[in-house]
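One letter stands for each residue in the lines below.
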Amino acid sequence: MCLEWLQENRHLKINAHRKLSRKIMTQPAISTANLRKEYGQTVAVQDLTLTVPAGEVFGFLGPNGAGKSTTIKMLMGLVTPTAGQVSVLGQSPGRPAARAKTGFLPEHFRFHEWLKAKEFLTVHGKLYGLAAETLKTQVPRLLEMVSLQDSADTRLSNFSKGMLQRIGLAQAMLNNPALVFLDEPTSGLDPLGRRLVRDVIHRLKEEGTTIFLNSHLLSEVEKTCDRVAFIKKGRVIRTDRMSDLLNRATEVHLRVDAAPPALAEGLQKLGRQVQVNGNRVSLLVDSPEIVPEIARLTMQLGLKLYELQPGQTSLEEIFVRIIETEAEGDLV
Amino acid sequence: MSLLTITSLTFREAWRKKLFWVALGLGLAFLALFAVGFHYVLVDILAHPPGEARTGPGMKIFISQISGIFLILGLFAVNFLVVMMSALTSAGAIAGEISSHTIQTLVTKPIPRWHIVLGKWLGQSVMLVIYVIFMAGGLTLVVYFRTGYFPPNPAAGMSLLVLEGLIVLSIATFGGTFLPTMANGVLVFMLYGIAFAGSWVEQIGAALKSETAVQVGIIASLIMPSETMWRMASDLMQPKLIQEAAFPLISLYSKPSQAMIVYAVGYLLVFLMAAVYVFERRDL
Ligand SMILES: Nc1ncnc2c1ncn2[C@@H]1O[C@H](COP(=O)(O)OP(=O)(O)OP(=O)(O)O)[C@@H](O)[C@H]1O
Ligand SMILES: [Mg+2]
């Protein structure tokens, strides 16, 4: 009976949570306009305009020193912008109330290492204003979620780098946040740890949490993010849905018995960067829908088509291309 | 309340970093040393008492005089320790957390930043009060149990010692909001040096009737009023006889006015508010 009641109660809570997240979902989780941060002479973030829809996993990508961490710090109220507007969950991040529904794993994950893991989560839970009762269940649950249940009574000074990063991740989820900022959450983790973080992100997303993720591990980003923004020198140079981005960059290889100029001309209309190499031809197309068109074209020209291979360009390649190209027009 | 969470975190840190045991252990060693030294000096002096102490009542006055002087000398050392302890424990309290980035997980919680500043300050203040009661109270009891001498105004005197420590704490709290630990420590000790030197300049100036020297000393005590608190404490806690004997270390030629207490409280509040102001606005 007790169990039933618990489940019932839990159900109610989840529903309440859902309702809350739906309410939050009607507005973007984050929006910034012309955000700028200068440190003396250094311009860390130049002119950042960004909208992060609620409920998505948002990847924030860019080379070292692009201003990613500085942006997160502005969004968490750690750093005051030199200019521009920020709104996080509809509020100004400088206000304590705005942080009640956010979680944060900093890039430099250093914590009070004289605390034991359990104490660390309890103290930070109290700072979130959670009741002791709630923490009694929440702390063990989170320790288990980051596979640290066996180290609950170990001092953080005895933790390895990866363990610290995981306890930091647990700390960012104490308050069942609506929005979580993860600044390179897998930088210190082994492959198992990275998978764990990926699972945690998936779970958070299922609960309706918005996730803002900085990472250089693009294969991770590719697997987890719904949307990515590329930033360079403190400006967003491009924002895309992950699926669009990966599809758009479809590279098609074909092998034909001959490649007359008419083929190249026809392909030019269907895609870009057509390259003919003997009887092998490659081009980039913007949509997978183009692939059958290519087949039809070769038929119309009376050519024999031996191979037609749509390949997928990895996010890493896209990243390099985008970052190395100055202007936005001639991407990919 | 989150301010008190920070305060209790400060206690736990002191405990875990063994500050408590070291302070207790060495404090006991200090008290023991004092007790032994006091005992043997008494034995020595009583073996060859001066002429006026040969009678019963004369002896009693003589013993309380010796006890009073000894206690003030012990308190002089405690006053030093209070300043050192306050400075050393607080110089890095905020500065260290900023440089190690541990501050980032604290200030991104839904709490106002001033809770962190005042929470830490409160924790250190409570520890300071305990330290003063333990050390100054310990000395007083050692003397009392050995000779039956009890100083005048013990509570007021100890409160002034606490106030002295609080001044140091507040300066270090302020410095820690924008200086690295080491520079902050240097700031606090240099200010203490100014106060210390100023106090002597004032005393010697008063003895030599040099108006200018007294002025210089007063200005120094306005820049940093901590040493003045000690002088007022020692003045309160010694019997009139010592003051007449003009013992150079501990008696006062030039007495600070009571208004200095008000000034000192205002002084530390200003530093605390400045600490909050700077910390609320700085990038972390
Ligand atoms: N506190 C600071 N003072 C001065 N300059 C800073 C400060 N923090 C960052 N910067 C500068 O701002 C720029 C952006 O730094 P930021 O840490 O935001 O980059 P990032 O995109 O997170 O890089 P990484 O991928 O290496 O983490 C860099 O040129 C850096 O040197
Ligand atoms: Mg960074």
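A brief look at the structure comes next. Please read these numbers as outputs of a predicted model, since none were measured by experiment.

## Comments concerning the overall build of chain B
Next, step 1: Helix and strand content of chain B: twelve helices and zero strands.
Next, step 2: Mapped in sequence order, the helices and strands of chain B form the string α-α-α-α-α-α-α-α-α-α-α-α.
Next, step 3: The dimensions of chain B, computed from C-alpha atoms along their principal axes, are 70 × 45 × 30 Å.
Next, step 4: Across the 284 residues in chain B, those meeting the buried criterion constitute 51%.
Next, step 5: Counted over contacts in chain B with a minimum sequence separation of 6, partners at least 24 positions apart contribute 83%.

## Digging into the side chain of S2(B)
Next, step 1: Structurally, the position occupied by S2(B) is in helix α1 (residues 2–16).
Next, step 2: With a relative accessible area of 11%, S2(B) lands in the buried category.
Next, step 3: Ignoring anything within four residues of it in the chain, the contact list for S2(B) reads L127(A), I111(B) and H115(B).

## A short note on the packing of aromatic side chains
Next, step 1: Under the definition given, this model contains 22 aromatic pairs over all chains.
Next, step 2: Between the aromatic rings of Y144(B) and F145(B), the centroid separation amounts to 5.6 Å while the plane-to-plane angle is 65°, which identifies the pairing as edge-to-face.
Next, step 3: With 5.5 Å between their ring centres and 70° between their planes, F174(B) and F271(B) make a pair best called edge-to-face. Of this pair, F174(B) sits in helix α7 (residues 154–176) while F271(B) sits in helix α12 (residues 259–281), and the two are 97 residues apart along the sequence. For the pair formed by F174(B) and F271(B), the shared burial category is buried.
Next, step 4: Cluster of aromatic residues (ring-pair linked, three or more members): F76(B), F80(B), Y192(B), F196(B) and W230(B).
Next, step 5: The ring of Y39(A) has K37(A) lying over it, and the distance from NZ or CZ to the ring centre is 5.3 Å.

## Some remarks on α7(B)
Next, step 1: If you check α7(B), its first and last C-alpha atoms are 33 Å apart, about what 23 residues at 1.5 Å a residue would give, namely 33 Å.
Next, step 2: Counting buried positions along α7(B) gives 19 out of 23 residues, so the element sits mostly inside the fold.

## Side note on the environment of L308(A)
Residues and elements named next belong to chain A.
Next, step 1: Within the secondary structure, L308 is located in strand β13 (residues 305–311).
Next, step 2: Classification of L308 as partly exposed rests on a relative accessible area of 26%.
Next, step 3: Once the C-alpha coordinates of L308 and G168 are considered, the two residues, 140 residues apart in sequence, prove to be 48 Å apart.
Next, step 4: With sequence-adjacent residues up to four places away left out, L308 is seen in contact with V252, H253, L254, V291, I294 and A295.

## Looking at the nonpolar core
Next, step 1: Within the largest apolar cluster, 94 residues are counted, with the highest numbers of intra-cluster contacts made by F181(A), F212(A), M224(B) and F279(B).
Next, step 2: Residue contacts for F212(A): discarding those within four places in its chain leaves I30(A), L50(A), V52(A), F58(A), F60(A), I72(A), L75(A), V180(A), F181(A) and L182(A).
Next, step 3: One finds L105(A), M163(A), A170(A) and V180(A) within the second-largest nonpolar core, a separate group that totals 55 residues.

## Considering the coordination of the magnesium ion (ligand 2)
Residues and elements named next belong to chain A.
Next, step 1: Protein-derived coordination of the magnesium ion (ligand 2) comes from S69 (OG) and E107 (OE), at a distance range of 1.9 to 2.3 Å. With a gap of 38 residues between them, S69 in helix α2 (residues 68–75) and E107 in the loop between β5 (102–105) and α3 (117–127) connect regions that are remote in the sequence.
Next, step 2: With a relative accessible area of 29%, E107 lands in the partly exposed category.

## What about the pattern of salt bridges?
Next, step 1: Scanning the model with the defined rule gives 19 salt bridges over all chains in all.
Next, step 2: Notably, a salt bridge pairs K37(A) with D283(B), separated by 2.6 Å at the nearest N-O pair. Of this pair, K37(A) sits in strand β1 (residues 30–39) while D283(B) sits in the segment after α12, which puts the two residues in different chains.
Next, step 3: When its relative accessible area of 6% is taken as the criterion, K37(A) is described as buried.
Next, step 4: Among the salt bridges present, the one from D226(A) reaches K205(A), with a minimum N-O distance of 2.8 Å. Here K205(A) lies in helix α6 (residues 191–206) and D226(A) lies in the loop between α7 (218–224) and β8 (227–232), a separation of 21 residues in the sequence.
Next, step 5: Sharing partners across several salt bridges, the network here consists of E56(A), R227(A) and R241(A).

## A look at the site of ligand 1
Residues and elements named next belong to chain A.
Next, step 1: Neighbouring ligand 1 are 13 residues; K68, S69, T70, E107 and H216 lie closest to it.
Next, step 2: Side-chain polar atom of N64 to an oxygen atom of ligand 1: 2.8 Å apart, as the coordinates give it.
Next, step 3: Between an oxygen atom of ligand 1 and a side-chain N or O atom of E184, the distance comes to 3.4 Å.
Next, step 4: Relative to its unbound accessible surface of 630 Å², ligand 1 loses 65% to contact with the protein.
Next, step 5: Among the elements that make up the shell around ligand 1, the one with the highest residue count is α2 (three residues).
Next, step 6: Counted by class, the shell around ligand 1 contains four nonpolar, six polar and three charged residues.

## Observations concerning the sheet that holds strand β10 (residues 250–256) of chain A
All names here are of chain A.
Next, step 1: Across the sheet, four strands lie side by side as β11-β12-β10-β13; this open sheet has antiparallel pairing. Two strands bound the open sheet, and with one partner strand each, they are β11 (272–277) and β13. Between one strand axis and the next, the sheet turns by 15° as a mean value, whatever way the strands run.
Next, step 2: In this sheet, β13 lies alongside β10 in antiparallel orientation, the contact comprising six bridges. By the bridge assignment for β13, H253 is matched with Q309.
Next, step 3: Seen against the sheet, helix α9 (residues 261–270) touches β10, β11 and β12 (280–285) and runs at an angle of roughly 20° to β12.

## Quick look at helix α2 (residues 19–47) of chain B
Residues and elements named next belong to chain B.
Next, step 1: Compared with the 42 Å implied by 1.5 Å per residue over 29 residues, the 42 Å span of α2 between its first and last C-alpha is a close match.
Next, step 2: Along α2, the residues that are buried comprise A23, G27, L31, F34, F38 and L42.
Next, step 3: Where α2 is buried, its residues meet α3 (56–90) and α6 (113–147).

Thresholds applied
- Think of each chain on its own: its residues are numbered from 1, step by step along the sequence as written.
- All chains are assigned letters beginning with A, and all ligands numbers beginning with 1, in the order in which they are written.
- The model is predicted, so local features are restricted to residues of pLDDT at least 70 and side-chain atom pairs to those at 80 or more, both for listing and for counting; the totals for chains, interfaces and linings are taken over all residues.
- Computation of side-chain values: all heavy atoms of the structure, hydrogens and water removed.
- For helices the rule is a DSSP run of H or I covering at least 4 residues; for strands it is a run of E covering at least 2, with both sets numbered from the N terminus onward.
- Partly exposed describes any residue whose relative accessible area lies between the buried limit of under 20% and the exposed limit of over 50%, with all areas from a 1.4 Å probe on protein chains only and scaled to the type maximum.
- The contact rule is simple, with two residues in contact once any of their heavy atoms fall within 4.5 Å.
- Geometry of aromatic contacts follows a simple scheme: Phe, Tyr and Trp rings, the Trp one being its six-membered ring, pair when their centres are within 6.5 Å, and the pair is stacked under 30 degrees between planes, edge-to-face over 60, tilted otherwise.
- Each ring is checked for a lysine NZ or an arginine CZ that lies within 6 Å of its centre and within 35 degrees of its normal; such an atom marks a charge sitting over the ring.
- The span one expects for a helix is its residue count, reduced by one, times 1.5 Å.
- Among the buried residues, those of types Ala, Val, Leu, Ile, Met, Phe, Trp, Tyr and Cys that are joined through side-chain atoms within 4.5 Å form a nonpolar core.
- The rule for donors is simple: an N, O or S atom within 2.8 Å of the metal counts, and for Na, K and Ca the reach is 3.2 Å. Water is not among the atoms, so a site may look short of donors.
- For this document, the term salt bridge refers to a Lys or Arg side-chain nitrogen within 4 Å of an Asp or Glu carboxyl oxygen.
- Any residue with a heavy atom positioned within 4 Å of a molecule or strand is treated as near that molecule or strand.
- A 3.5 Å cut-off defines polar contacts: any pair of N or O atoms within that distance qualifies, except that in protein one atom must be a possible hydrogen donor and the other a possible acceptor, and neighbouring residues in sequence count only when both atoms are side-chain atoms.
- Areas reported here follow the Shrake-Rupley algorithm with a probe of radius 1.4 Å; residue values treat only the protein chains shown as occluding.
- The nonpolar class holds Ala, Val, Leu, Ile, Met, Phe, Trp, Tyr, Cys and Pro. Asp, Glu, Lys and Arg form the charged class, and all remaining residues, Gly among them, are polar.
- By this definition, two strands are paired if DSSP reports at least two bridges between them.
- Lines fitted to C-alpha atoms define the axes here, with helix axes fitted over just the stretch in contact, and angles between the N-to-C directions of these axes take values from 0 to 180 degrees.

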